[in-house]
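# Residue-level structure breakdown
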Amino acid sequence: MVKSKVLFACRECGASYPKWQGQCATCGEWNCLEEVKVSQKQKKSGVAAGVGFSGSGTEITRLAEVKLESSQRILTHIHEFDRVLGGGLVPGSVVLIGGEPGAGKSTLLIQMASEIARDLGCVYVSGEESIQQIASRAIRLGISDREVQLATLTDVGHVISLVEHTKPTVVVVDSIQVMHSDEIESVPGSVSQVRECASELTQLAKQTGTIFVLIGHVTKEGNLAGPKVLEHMIDCFVMLEAPIGSRFRMLRGIKNRFGAVNELGVFAMTDRGLREVANPSAIFLERTTEPTAGSVVTVTWEGTRPLLVEIQALVDDVQGGYPRRVSVGLDTQRLAMHLAIMHRHCGISLADQDVFANVTGGIKVAETAVDLATLIAVYSSFRNRALPHDLVVFGELGLTGEIRPVPNGQERLREVQKHGFTRAIVPLANKAKKPFAGVEVSYVPTLSSALDVLNEILTG
Ligand code: TYD
Ligand code: MG
């Protein structure tokens, strides 16, 4: 047995201290320190610090002289998943997929495993379900005849010897929270166990070139259960989001050492597992047949492609007390800011009105290109005038009442054209050299000019 030393690590941020204390001095959280046993051998190699790759070379190399081994990416053959990963799995990398219970993590990964197993070795290690349960799911998914190797293990040491013996290309671990290592005494799922198991698997990945896809549970608050250090160790972190009551699933890249993040993959949960949604714009635009007040379509940019979404707003007399500003899928602070801009620069006051705004389909939009559409939906509801169904709006709002340009304006307009919309209100600075056939585009410099165009459309 290697001599071990006791440390206290924070469950939230992973900071470690030599003595127990009530509050973590790094993140300020209370009652979050857990005892961690660190073997001296590991401490030297840098694993205790939560670093996956424990660099031991002492030589200095010039960047220009580094020879890259050609590392061909391994495709999962699930296009949406490959795109979120930045073009497939990188050999020797560790991917973590997080999500709430029931989101479909196990479903997605058994589907992925079955695709990879068509021509490469793939092991699915489950510590949560029995072989029978996995097999019965595979039968339902229609993939039970594939070459996937299954194992039910919770001891990370067994996983390691399995990998050393069978030498698979890809290993799925369902889930990292149920794994435990003999090196550490605490219970599975505790901060020290999760971090130790992940670091042992990360080291194995770097040494052997095996790809590990780990499933991670997410707490009620949406954080990864276990230490934050887990996110630092792994190479890619993707989240499978399941909007409440929706059959659609969004796969979002949070961290990617080999590609862009914020790429969005869209799936639908069906009775035969997760199906890719090739044209997500179409599904988020299931609208009523008659135009209604308070609804407008905008184009958001998700990773490398445009997505058409509907923004809805409801403006109603204040029901006692302060006027409320509530938004779902949008930034509430920005909504309040937009209302102030509309008041100051266009003289429209909603001080005695409650304002609610929502993005339909359970989508969350973080970019500022939805500003103008949000405000126009609010304006439409306030005036109780329905906007035509063939109108699309995008643009960022500045505090001085100007409409600021958005990235990828041309591609957004092309998406508008592709889906048969015939009118668009967009920032002047996004003006295209060539007109878009079939789309009447109004390029507006300010909010008041945008509302002028809108009033023309409404009266015209
Ligand atoms: P699962 O992959 O077990 O979720 P996780 O591993 O993220 O906890 O699947 C979750 C849900 O998906 C479950 O409630 C049932 C549903 N489901 C289907 O609707 N169709 C299917 O074909 C499968 C396999 C699951
Ligand atoms: Mg599961």
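What comes next concerns the included structure. (Residues numbered from 1 in each chain as written. Chains lettered and ligands numbered in written order. Predicted model: local features only at pLDDT ≥ 70, side-chain atom pairs only at ≥ 80, totals over all residues. Heavy atoms only, no water.)

### Concerning the overall build of the chain
Regarding its fold elements, the chain presents 12 helices and 21 strands. Principal-axis analysis of the C-alpha atoms gives the chain an extent of 80 × 55 × 50 Å. Residue burial in the chain is summarised as follows: out of 460 residues, 50% are buried. The contacts in the chain between residues at least 6 apart in sequence include a share of 65% that link residues at least 24 apart. Of the accessible surface of the chain, which amounts to about 21900 Å², a share of 52% is contributed by carbon and sulfur atoms. (Helix = DSSP H or I, 4+ residues; strand = E, 2+ residues; numbered from the N terminus. Buried < 20%, exposed > 50% of the residue type's maximum accessible area, 1.4 Å probe, protein only. Contact = heavy atoms within 4.5 Å. Areas by Shrake-Rupley, 256 points an atom, 1.4 Å probe, with all protein chains shown as cover.)

### What about the packing of aromatic side chains?
In the structure shown here, the tally under the stated rule is 0 aromatic pairs. Its guanidinium or amino end placed over the ring of Phe394, Arg412 lies 5.8 Å from that ring's centre, counting from NZ or CZ. (Phe/Tyr/Trp six-rings, centres within 6.5 Å; stacked < 30°, edge-to-face > 60°. Lys NZ or Arg CZ within 6 Å of the ring centre and 35° of its normal.)

### Side note on the nonpolar core
One finds Val296, Ile363, Val378, Ile425 and Leu447 to be the most contacted residues of the largest nonpolar core, which totals 48 residues. Contributions of two or more residues to this core are made by β10 (248–256), β11 (264–270), β14 (305–317), α9 (332–346), β16 (353–359), α10 (371–383), β17 (391–393) and α12 (447–459). Setting aside residues no more than four positions away along its own chain, Leu447 makes contact with Ile341, Met342, Cys346, Leu372, Leu375, Leu397, Gly401 and Ile403. In this structure, Val84, Ala103, Ile215 and Cys236 belong to the second largest nonpolar core, which totals 34 residues. (Core = buried A, V, L, I, M, F, W, Y, C linked by side-chain atoms within 4.5 Å.)

### A closer look at the site of ligand 1
Taken together, 16 residues sit near ligand 1, with Lys105, Ser106, Thr107, Arg137 and Thr270 positioned nearest. In the environment of ligand 1, an oxygen atom lies 3.4 Å from a nitrogen or oxygen atom belonging to the backbone of Ala103. Within the side chain of Arg137, a nitrogen or oxygen atom sits 2.7 Å from an oxygen atom of ligand 1. Notes on ligand 1: free accessible area 560 Å², of which the protein chains cover 71%. Elements that contribute at least two residues to the shell around ligand 1 include exactly α3 (105–116), α4 (131–141) and β11. Here the shell around ligand 1 is composed, by residue class, of 4 nonpolar, 6 polar and 6 charged. (Near = heavy atom within 4 Å. Polar contact = N/O pair within 3.5 Å; in protein donor to acceptor, adjacent residues only side chain to side chain. Nonpolar A, V, L, I, M, F, W, Y, C, P; charged D, E, K, R; others polar.)

### Regarding unusual backbone geometry
With glycine set apart, most residues show a phi of negative sign, and most peptide bonds adopt trans. Of note, the amide linkage connecting Asp174 to Ser175 takes the cis form, showing an omega dihedral of 0°. Following the sequence through the fold, Ser175 ends up in the loop between β7 (170–174) and α6 (191–208). A positive phi angle, near 50°, is found at Asn31, a position not held by glycine. Within the secondary structure, Asn31 is located in the loop between β2 (16–17) and β3 (33–39).

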